Every structure is written in structure tokens, then in C-alpha cells.
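# Structural description and commentary
Residues per chain are reported as follows:
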Amino acid sequence: MMRKNWWKILGVAIMVYVFVAGLLVPLKPGITKVSPGSAKTGEALELEVLGYNSSFVEATSGQKAWLKLDNTYLLEATNIAVEDERNLKLIFAIPQFLPVAARVQDFALILDNPIDGPSVLPSAVFVTQDSIQVE
């Protein structure tokens, strides 16, 4: 009996291993939520960031944050305030004009610290500009 059905027992054992390992291994740190999700040019933007499995308090001194428009343009945070292990407050000075011809442009949020490493949230903030002046 055992000789005929060895592959069924092996299949069940592999499935049990996959479920246990999948539920017990923690995920990499990341960004869960950002609010507000929109801003206007020429204003200061205060972002509240909610992290997942993050270590913001331990890495307070090495914390960095950027809003990324594309491969050429980054906007660095002017102030980073760590509230607890999962919450950050970031302040960005949005310039008066963006270097694109679109009225609404999405920015990715990039966080980096020595403990968690980099975390990216694509299309985190949508910035609206009233007038377009591309140089």
C-alpha cells in the first residue's frame, strides 16, 4: 500500500511545509499607506507614511526620503520626523513648476535607512500644477 501511494504522502508533506513556511517567514519592510495622496505645486507637502515591518525608530539618524518623478528628477524631504516604528512624517517643498508638460504628475515615494534598506511606493503622490512652464 505504502509503495503505491508514496507520491501522495510526499505531496501532502510538501504542501504542509509550504503553508507553514509561508505563514511564518516575515515579509521585507515596505510602505503600506501614504496620506494625503495629492498636492499642488508651490506648496509644502506634509506626508504621513505608514510602514510595514519597519524599524524607523532604530534608524532615525540614517533615514532618508525622496519623491521621484522619473530617472532624472528627485525631490528630497526637507524634514523627517519619526513618530514610532511604523509611522513617519515627511515634509517636501514642492517647486512652483514641474519639468513636465502634464497638469497632473505622479511621484513615487522612496524611503531608505541602514536597517530596513530601500522601500518604494509607486504613484504615492499626485502633484497638480496650475500653469505649465517647461524649460
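Our structure is the block above this text.
Just so we're clear, the structure is a prediction, and the values are computed from it rather than from any experiment. Throughout, a residue's number is its position along its own chain's written sequence, starting from 1. Selection of residues for local features in this predicted model requires a pLDDT of at least 70, selection of side-chain atom pairs for listing and counting requires 80 or more, and totals for whole chains, interfaces and linings are taken over all residues. To obtain the side-chain values, all non-hydrogen atoms of the structure were used and water was disregarded.

### Some points on the overall build of the chain
- Strands are runs of DSSP state E lasting at least two residues, helices are runs of H or I lasting at least four, and both sets are numbered from the N terminus onward. When helices and strands are counted, the chain shows 1 helix and 9 strands.
- Taking 135 residues into account, the globule formula puts the C-alpha radius of gyration at 14 Å, and the chain, at 22 Å, lies well above it.
- Taking all 135 residues of the chain together, the buried fraction comes to 30%.
- Of the contacts made within the chain by residues no fewer than 6 positions apart, 62% connect residues no fewer than 24 positions apart.
- Residue exposure ignores everything except the shown protein chains as possible cover, and the areas themselves are Shrake-Rupley values with a 1.4 Å probe. Here the chain has roughly 8,800 Å² of accessible surface; of this, 60% comes from carbon and sulfur atoms.
- The charge count includes Lys and Arg as positive and Asp and Glu as negative, but it does not include His or the ends of the chains. For the purpose of locating charges, the reference atoms are NZ of Lys, CZ of Arg, CG of Asp and CD of Glu. Separation between the mean location of the 11 positive side-chain charges and that of the 14 negative ones in the chain comes to 18 Å. Throughout, radius of gyration means the C-alpha value; the globule benchmark is 2.2 Å times the number of residues raised to the power 0.38. Whether a residue is buried, partly exposed or exposed follows from its accessible area with a 1.4 Å probe, protein chains only, as a fraction of its type maximum: under 20%, in between, or over 50%, in that order. Here, residues are in contact when the closest pair of their heavy atoms is within 4.5 Å.

### Observations concerning the sheet that holds strand S2 (residues 38–40)
- When DSSP finds two or more bridges between a pair of strands, those strands are recorded as paired. The strand order across the open sheet built from 5 strands is S2-S9-S8-S4-S5, with neighbouring strands paired in mixed fashion. For this open sheet the edge positions go to S2 and strand S5 (74–76), each flanked by a neighbour on one side alone. Neighbour to neighbour, the strand axes of the sheet diverge by 35° on average, direction disregarded.
- Sheet analysis places S2 next to strand S9 (residues 117–128), joined by 3 bridges and oriented parallel. In this analysis an axis means a line fitted to C-alpha atoms, helices contributing only their contacting stretch, and an angle means the value between N-to-C directions, from 0 to 180 degrees.

### Examining the sheet that holds strand S1 (residues 30–35)
- The strand order across the open sheet formed by 4 strands is S1-S3-S7-S6, and the pairing between neighbours is antiparallel. Every other strand in the sheet has two partners, leaving S1 and strand S6 (79–82) as the edge strands with one partner each. Adjacent strand axes in the sheet meet at a mean angle of 25° when their direction is disregarded.
- Of the pairings in the sheet, the one linking S6 to strand S7 (residues 87–93) comprises 4 bridges and is antiparallel in character. Along S7, the bridge assignment pairs Ile80 with Leu90.

### Things to note about the side chain of Ser55
- Relative to the helices and strands, Ser55 is located in the loop between strand S3 (44–52) and strand S4 (64–68).
- Classification of Ser55 by relative accessible area gives buried; the value is 13%.
- When neighbours within four sequence positions are excluded, Ser55 is seen to be in contact with Glu85, Asn113, Ile115 and Asp116.

### A look at empty space enclosed by the protein
- Within this scheme a cavity is a closed region of a 1 Å grid, computed over the protein atoms alone, that accommodates a 1.4 Å probe without allowing it to escape, whereas a pocket is open but has protein on both sides within 12 Å along at least five of seven lines; lining residues each have an atom within 4 Å of a point. Grid points are joined across faces, edges and corners, and a volume is the space filled by probe spheres set on the points. If you walk through the whole model with that rule in mind, you get 1 cavity of 30 Å³ or more.
- Estimates place the volume of the largest cavity at around 50 Å³.
- Elements represented by at least two residues in the lining of the largest cavity include exactly S1, strand S8 (104–113) and S9.
- Element by element, the count of residues in the lining of the largest cavity is highest for S8, at 3 residues.
- Here the term charged refers only to Asp, Glu, Lys and Arg, the term nonpolar to Ala, Val, Leu, Ile, Met, Phe, Trp, Tyr, Cys and Pro, and the term polar to all other amino acids, Gly among them. Classifying every residue of the lining of the largest cavity by side-chain character gives 4 nonpolar, 6 polar and 2 charged.

### Some words on a nonpolar patch on the surface
- In this analysis, a patch consists of residues with relative accessible area above 30% that form no salt bridge, clustered at 9 Å for like charges and at 5 Å for the nonpolar side chains Val, Leu, Ile, Met, Phe, Trp and Tyr. Salt bridge, as used here: a side-chain nitrogen of Lys or Arg that lies within 4 Å of a carboxyl oxygen of Asp or Glu. A cluster of nonpolar side chains, contributed by Trp6, Trp7, Leu10, Ile14, Tyr17 and Val18, occupies part of the molecular surface with about 710 Å² of accessible area.
- Counting through the fold element by element, Leu10 comes out in helix H1 (residues 6–24).
- On the basis of relative accessible area, Leu10 is assigned to the partly exposed category, the value being 43%.

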